Structures are given as C-alpha cells and as structure tokens.
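Now for the letters of each chain:
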Amino acid sequence: MILLVCAWIQEAAVTLENADKTFAQEKYAEALDQYKKAAELGGTEQNAQVLVEALAQAARCCSLTQKMDEGREWLAKAQKAASNEEPLGWSRYLGVRGIFEREGGDKTTAKATFIEMYDYCVAKKLPKRAVDAVHHVALVVPPEEQPAWAMKGIAEAEKLKDDGWLAVLWNNLGATYEDLKKPEK
C-alpha cells in the first residue's frame, strides 16, 4: 500500500515535469493540456507545489496563444492556491503574474512583481528562477536601466554555468545597446 501511494503522489510531479518539457519545445497547446492534467493530479494528491505551478503555467500557455481571458482564469486559480510558504509554486505564480501585468500594459506593477520574485528566489535559493526574474525585470524597465539588470542576470547565469540563459541575456543586452545607440558596448 505504501509503495502504491508513493507512486501515485509522484504522478503529479512527473506530469508537471513532462509539461515543462513540452512547454520548452514551444508546443503550448499540448503543454496546456498537460498542465491541466498536472493541476488536476496536484489537487487530487494535495500537492500544493504541483497544483500552483501547473495552474500558473496553464495561464502562461494561454497568454502565449492569445487566450488572455482564459489565462486570467487559470492565474486566478493559481493565486487562490498559492502560498509564499511553498517556494516553487509561489515563484512560478509570481513570474506568470508579472507577465500578465506586463502584457496588460502595467510595466510598473510588473517590474515590482519581478523584483519581488527575484528577491524571493534569492532568499529561497532558487537561482534559475532568480535569473528568470531578472530577465523579466530587464524587459519592463526603461532602456537606460536595462543594462544594469542584464548584467545582474548575466552574473547569476555565469555562477550557474547556464549557457542557455547566458545566450538569451547577452543577446538582449546587445539589442539594448543597439537601441541606446551605443554600438561600441
């Protein structure tokens, strides 16, 4: 009986992991279905972390497929289930909330949310999520503030030896310098 329960509890986490892989392949409609299943399993298994992450990512999939109203519904569910006592769920919720704020045109609030996410992730020792937060801050601040945030993200990504994030951050920094008419940088 104990082995059966452990395997069952793990199903939600495995489903979330598979959804994240599908999302990374930019198969958002397929990922949405997987996140919905992960949320269902997370609720059934009383796994708050999986539940919140899956709900938030379902919202993100909707935003990427231009279904903002549906996405807001998923985000509201994530907000209800989220707690800052659970780091992975809370950090993912903050990230998606900030994206919705940004996409809704409220860059000031989005910036505050992404900075909150960054500070939280640093405090909770979630370095990859901290890099993600810095990346999003750099997207919402005025161009003259972007290089400082980009360099902060690059420093964090270098500590992680994360070539994927380094490529994104250096690329964005280069584009920022072009926008600022500073090609020498």
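Residues numbered from 1 in each chain as written. Predicted model: local features only at pLDDT ≥ 70, side-chain atom pairs only at ≥ 80, totals over all residues. Heavy atoms only, no water.

Colleague: Sorry, what's going on with the overall build of the protein here?
Modeller: Per the secondary structure count, the protein includes nine helices and zero strands. Each helix and strand of the protein, ordered N terminal to C terminal, gives the series α-α-α-α-α-α-α-α-α. Its C-alpha atoms give the protein a radius of gyration of 17 Å, within 12% of the compact-globule value 16 Å for 185 residues. Taken along its principal axes, the extent of the C-alpha atoms in the protein is 65 × 35 × 30 Å. Going through the 185 residues of the protein one by one, you find that 44% of them count as buried. In the protein, 55% of the contacts between residues at least 6 apart in sequence involve partners at least 24 apart. (Helix = DSSP H or I, 4+ residues; strand = E, 2+ residues; numbered from the N terminus. Rg over C-alpha atoms; globule rule 2.2 N^0.38 Å. Buried < 20%, exposed > 50% of the residue type's maximum accessible area, 1.4 Å probe, protein only. Contact = heavy atoms within 4.5 Å.)

Colleague: Teacher, can you tell me more about the pattern of salt bridges here?
Modeller: Two side chains with opposite charge may pair up if their charged atoms get near one another. The full count for this structure, using the stated rule, is 14 salt bridges. A salt bridge links Asp20 to Arg92, with the nearest nitrogen and oxygen atoms 2.9 Å apart. You can see Asp20 sitting in helix α1 (residues 2–24) and its partner Arg92 sitting in helix α5 (residues 87–103), a full 72 residues away along the chain. Residue classification places Asp20 among the partly exposed positions, given a relative accessible area of 25%. Given the relative accessible area of 13%, Arg92 is considered buried. One salt bridge connects Arg129 with Glu53, and the closest N-O pair in it is separated by 2.6 Å. Of the two residues, Arg129 sits in helix α7 (residues 127–140) while Glu53 sits in helix α3 (residues 48–64), which places them 76 residues apart along the sequence. Glu53 shares its class with Arg129; the two are buried. (Salt bridge = Lys/Arg side-chain N within 4 Å of Asp/Glu carboxyl O.)

Colleague: Just to check I follow, could you spell out the packing of helix α4 (residues 68–81) against α5 for this structure?
Modeller: The relative placement of two packed helices is expressed as an angle between their axes plus a distance between the axes. Packing of α4 against α5 brings their axes to within 11 Å, and their N-to-C directions diverge by 145 degrees. Where α4 crosses over α5, the two elements pack in a sense that is left-handed. Across from Met68, Gly71, Arg72, Leu75, Ala78 and Gln79 in α4, the residues of α5 making contact are Tyr93, Val96, Arg97, Phe100 and Glu103. Grouping the amino acids of the contact of α4 with α5 by side-chain chemistry returns six nonpolar, two polar and three charged. (Axes fitted to C-alpha atoms, helices over the stretch in contact; angles between N-to-C directions. Left-handed = near helix turned anticlockwise from the far one by under 90°. Nonpolar A, V, L, I, M, F, W, Y, C, P; charged D, E, K, R; others polar.)

Colleague: Whenever I open this one, the confidence of the model for the protein confuses me. Can you help?
Modeller: Low pLDDT marks regions whose predicted coordinates should not be analysed in detail. Mean pLDDT for the protein: 93, with 95% of residues reaching 70 or above. Below pLDDT 50 for its whole length, residues 1–5 participates in zero contacts with residues either more than four positions away or in separate chains. (pLDDT = per-residue confidence, 0-100.)

Colleague: How should I be thinking about unusual backbone geometry in this particular structure?
Modeller: With glycine set apart, most residues show a phi of negative sign, and most peptide bonds adopt trans. Despite not being glycine, Gln46 shows a phi value in the positive range, around 55 degrees. A relative accessible area of 73% places Gln46 in the exposed class. Although it is not a glycine, Lys161 adopts a positive phi angle of roughly 55 degrees. The exposure class of Lys161 is exposed, given its relative accessible area of 69%.

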